[in-house]
Amino acid sequence: MNTTIAPSAHLLQKQELLPHVLRALQSHLPSHALLYQTEDTTPYECDGLTAYRQRPLLVALPETEAQVAAVLRACHALNVPVVARGAGTGLSGGAMPHALGVTLSLAKFNKIIKIDKRSRTAVVQCGVRNLAISEAAAPYGLYYAPDPSSQIACTIGGNVAENSGGVHCLKYGLTLHNVLKVRGFTVEGEPIEFGSDALDTPGYDLLSVVIGSEGMLAVTTEVTVKLIPKPLLARCIMASFDDVRKAGDAVAEVIAAGIIPAGLEMMDKPMTAAVEDFVHAGYDLDAEAILLCESDGTPEEVEEEIGRMTDVLQRCGATAIAVSKDEAERLRFWSGRKNAFPASGRISPDYMCMDSTIPRKRLADILLAIAEMEKKYQLRCANVFHAGDGNLHPLILFDANDPDQLRRCELFGADILETSVAMGGTVTGEHGVGIEKLNSMCVQFSAQENAQMFALKEAFDPLGLLNPGKVIPTLQRCAEYGKELVRGGKLKHPDLPRF
């Protein structure tokens, strides 16, 4: 949780604080835009990380930028925390409320302000869905490249907060590479702008700072994104492998051959079984792993690249290779990958989706390590990867109603993250740190490095009111986590923690 105050103390403080906050906000927002009854705030108690829940003091739903500024000014004056929230599809607890704070819902900021086909840009409000941008740009032959699996629901503001990617990030980049400008407000309610309509701006590159900052530095209300032409053709290879190491090596060999596919994804056998039963994508259920490799461009470019990738995959031991014959089949191949998370929800009461990255050459190593962890923690794990850039999404299956299963799930997840770091990777690729990976940040970064991150946070938010208790662990937290690992003899990689 993002606070150490006891629940009874929470209740007492809420009763004392709520009237003051409500009175301050009622002069700026209509009554229907302020939710504070238990039944109204419960839907906001968590994001996509459902294992941890906390009802906010109050939920504010502004409709204009002036109202956003007013909410921030009022909360700053009262020293009340603010947690910005989009669609709530995040998977690391980044939008989990503060018990004594205001959840600032930006769901009503859902307008596409402008599509400019000449500059190939779109100006959109933060609550616009990722997929809606491409739908609006389609009549101009354009689209927005980053495509998280939740793109039908997730918002561009949340994508900015987490620096989201998607299955096509290998070729077209993450959110950071596809955004020109971010507008919003500081914690004091002052307007602020990062980036520009040009390709570069003078001074420090603060656009790169705010993208991926998880709502800790400013509140985003408007985003200018780049649009790119829709390719004339796209085709997808589905390759089966009887061994995960062969599949992992094939990923590295494709990139080593100088090929940058539009998408390069990997799924292990448990995951393919789950999604095939859900969407009937035509996956090989006998394969230990399958790769989806996409090529896009002109018909001539696609034909040449498909041929080169097929040669590499065959040399690496693919047991079967299928190439999409038309657009319908290509979409069917991808339907399983895009539905990996809901498919997992059909076979388990709960799952925790991890999000570490590793060097491509270590894909097989981490899969084999996770298989051993399944035995150690007595929990199942289905794996899906943005294999091209080494971004892992292991889904640990458990039942949150069983406290011991939740405890083992947390240990399992921490083990995956620590092992990823030991293999030369990082604790997160695109889902963010939120509350989920705070302890793992203690493993990856030294006290001095975390202090520098706090210094940046303090430059934007001296009182620490924006999304407090997230992303950056305190020195005390890291010290306590280190002692816990030492006491439990759980230092699997003792050279990593720098508590």
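## What about the nonpolar core?
Turning to step 1, where the next piece is worked out: Grouped together as the largest cluster of nonpolar side chains are 56 residues, with contacts concentrated most on Phe241, Met266, Leu313 and Phe412.
Turning to step 2, where the next piece is worked out: In terms of residue count, helix α13 (residues 363–377) provides more of this core than any other element does, seven residues in total.
Turning to step 3, where the next piece is worked out: In this view, Leu313 contacts Ile237, Ala239, Phe241, Ala250, Val254, Leu291, Cys293, Ala318 and Ile321; residues no more than four positions away in its chain are not counted.
Turning to step 4, where the next piece is worked out: Counting 32 residues, the second largest nonpolar core, distinct from the first, contains Leu57, Val80, Val102 and Leu104.

## Points about helix α12 (residues 340–347)
Turning to step 1, where the next piece is worked out: Within α12, burial applies to Ala340, Phe341, Ala343 and Ser344. For α12, the angular spread of the buried residues around the axis is 160°, confining them to a single face.

## Some details on unusual backbone geometry
Turning to step 1, where the next piece is worked out: Positive phi is not limited to glycine here, since Glu214 has a value of about 60°.
Turning to step 2, where the next piece is worked out: Its location among the elements puts Glu214 in the loop between α7 (207–210) and β10 (219–226).
Turning to step 3, where the next piece is worked out: In this model, Gln378 sits at a positive phi of 55°, which is unusual for a non-glycine residue.
Turning to step 4, where the next piece is worked out: By the secondary structure assignment, Gln378 is in the loop between α13 and β17 (381–386).

## Some remarks on the sheet that holds strand β12 (residues 233–241)
Turning to step 1, where the next piece is worked out: Taking strand neighbours across the sheet as the criterion, the seven strands line up as β15-β12-β14-β13-β17-β18-β16 in an open arrangement whose pairing is antiparallel. Two strands bound the open sheet, and with one partner strand each, they are β15 (320–323) and β16 (350–353). Ignoring strand direction, the axes of neighbouring strands in this sheet form an average angle of 15°.
Turning to step 2, where the next piece is worked out: Set on the sheet, helix α8 (residues 244–256) makes contact with β12, β13 (263–268) and β14 (289–297); between it and β13 the angle comes to about 175°.
Turning to step 3, where the next piece is worked out: Packed onto the sheet, α13 meets β13, β17 and β18 (391–398) and runs at close to 165° relative to β17.

## A word on the environment of Ser164
Turning to step 1, where the next piece is worked out: Relative to the elements of secondary structure, Ser164 occurs in the loop between α5 (156–162) and α6 (169–172).
Turning to step 2, where the next piece is worked out: Separated by 287 residues in the primary sequence, Ser164 and Ala451 place their C-alpha atoms 25 Å from one another.
Turning to step 3, where the next piece is worked out: Residues contacting Ser164, with those up to four places away along its chain left out, are Pro148, Gly158, Asn159, Leu174, Thr175 and Glu430.

## Some remarks on the confidence of the model for the chain
Turning to step 1, where the next piece is worked out: Looking at the chain, pLDDT values average 93 and 95% of them are 70 or higher.
Turning to step 2, where the next piece is worked out: The low-confidence segment residues 1–5 (pLDDT under 50) makes 14 contacts with residues lying over four places distant or belonging to another chain.

## Section: the pattern of salt bridges
Turning to step 1, where the next piece is worked out: Evaluation of the coordinates by the stated rule reveals 26 salt bridges.
Turning to step 2, where the next piece is worked out: With its nearest N and O atoms 3.0 Å apart, the salt bridge here joins Glu45 to Arg53.
Turning to step 3, where the next piece is worked out: The exposure class of Glu45 is buried, given its relative accessible area of 14%.
Turning to step 4, where the next piece is worked out: Owing to a relative accessible area of 40%, Arg53 belongs among the partly exposed residues under this scheme.
Turning to step 5, where the next piece is worked out: Lys269 is the partner of Glu288 in a salt bridge, and the nearest nitrogen-oxygen pair spans 3.5 Å. Separated by 19 residues along the polypeptide, Glu288 in the loop between α9 (269–279) and β14 and Lys269 in helix α9 bring together distant segments of the chain.
Turning to step 6, where the next piece is worked out: Residue class for Lys269 comes out partly exposed when judged on its relative accessible area of 31%.
Turning to step 7, where the next piece is worked out: Taken together, the shared-partner salt bridges in this structure form one network comprising Glu65, Arg183, Glu193 and Glu222.

## Side note on the packing of aromatic side chains
Turning to step 1, where the next piece is worked out: For the structure shown, the criterion picks out three aromatic pairs.
Turning to step 2, where the next piece is worked out: With 6.3 Å between their ring centres and 35° between their planes, Phe194 and Phe460 make a pair best called tilted. Here Phe460 lies in helix α16 (residues 447–460) and Phe194 lies in strand β9 (residues 191–195), a separation of 266 residues in the sequence.
Turning to step 3, where the next piece is worked out: Judged by centre distance (6.2 Å) and plane angle (45°), the rings of Phe341 and Tyr351 are tilted. Taken as a pair, Phe341 in helix α12 and Tyr351 in strand β16 lie far apart in primary sequence, ten residues in all.
Turning to step 4, where the next piece is worked out: When its relative accessible area of 15% is taken as the criterion, Phe341 is described as buried.

## With respect to the state of the cysteines
Turning to step 1, where the next piece is worked out: Per the stated rule, a full pass over the model turns up one disulfide.
Turning to step 2, where the next piece is worked out: Paired through a disulfide, Cys442 and Cys478 show a sulfur-sulfur distance of 2.2 Å. Judged by the sign of its S-S torsion, about -85°, the cystine formed by Cys442 and Cys478 is left-handed. Here Cys442, found in helix α15 (residues 438–444), pairs with Cys478, found in helix α17 (residues 475–488); they are 36 residues apart in sequence, far enough to count as distant. Like Cys478, Cys442 is buried.
Turning to step 3, where the next piece is worked out: Cys126 supplies the cysteine sulfur nearest to Cys154, a cysteine that is in no disulfide, at a spacing of 13 Å.
Turning to step 4, where the next piece is worked out: For Cys409, which is in no disulfide, the shortest distance to another cysteine sulfur is to Cys381 and amounts to 8.9 Å.
Turning to step 5, where the next piece is worked out: Residue classification places Cys409 among the buried residues on the basis of a relative accessible area of 0%.

## Side note on the sheet that holds β10
Turning to step 1, where the next piece is worked out: Strand order in the open sheet made by the five strands is β5-β6-β10-β8-β9, with antiparallel pairing throughout. A single partner strand is all that each edge strand has here, and the edge strands are β5 (112–116) and β9. Strand-to-strand twist of the sheet, defined as the mean angle between neighbouring strand axes without regard to direction, takes the value 10°.

## Brief notes about empty space enclosed by the protein
Turning to step 1, where the next piece is worked out: Under the defined criterion, the tally for this structure stands at two cavities of 30 Å³ or more.
Turning to step 2, where the next piece is worked out: If you add up the space inside the largest cavity, you get close to 40 Å³.
Turning to step 3, where the next piece is worked out: Lining the largest cavity, in full, are Gly48, Leu49, Thr50, Ala51, Asp350, Tyr351, Met352, Phe398 and Ala400.
Turning to step 4, where the next piece is worked out: By residue number, the principal contributor to the lining of the largest cavity is β16, which donates three residues.
Turning to step 5, where the next piece is worked out: Per-class residue counts for the lining of the largest cavity are six nonpolar, two polar and one charged.

## Looking at α16
Turning to step 1, where the next piece is worked out: The terminal C-alpha atoms of α16 lie 20 Å apart, and with 14 residues this matches the ideal 20 Å at 1.5 Å per residue to within 8%.
Turning to step 2, where the next piece is worked out: Buried within α16 we find Asn450, Lys457 and Phe460. Down the axis, α16 shows its buried residues gathered within 70° of arc, on one side only. Opposite its buried face, α16 presents the exposed residues Gln448, Gln452 and Ala459, each directed more than 90 degrees away.

Conventions adopted
- Residues numbered from 1 in each chain as written.
- Predicted model: local features only at pLDDT ≥ 70, side-chain atom pairs only at ≥ 80, totals over all residues.
- Heavy atoms only, no water.
- Core = buried A, V, L, I, M, F, W, Y, C linked by side-chain atoms within 4.5 Å.
- Buried < 20%, exposed > 50% of the residue type's maximum accessible area, 1.4 Å probe, protein only.
- Helix = DSSP H or I, 4+ residues; strand = E, 2+ residues; numbered from the N terminus.
- Contact = heavy atoms within 4.5 Å.
- Arc of directions from axis to C-beta.
- Pairing = 2+ DSSP bridges.
- Axes fitted to C-alpha atoms, helices over the stretch in contact; angles between N-to-C directions.
- pLDDT = per-residue confidence, 0-100.
- Salt bridge = Lys/Arg side-chain N within 4 Å of Asp/Glu carboxyl O.
- Phe/Tyr/Trp six-rings, centres within 6.5 Å; stacked < 30°, edge-to-face > 60°.
- Disulfide = S-S within 2.5 Å.
- 1 Å grid on protein atoms, 1.4 Å probe; cavity = no way out; pocket = protein on both sides within 12 Å on 5 of 7 lines; lining within 4 Å.
- Points joined across faces, edges and corners; volume = space filled by probe spheres on them.
- Nonpolar A, V, L, I, M, F, W, Y, C, P; charged D, E, K, R; others polar.
- Expected span 1.5 Å × (residues − 1).

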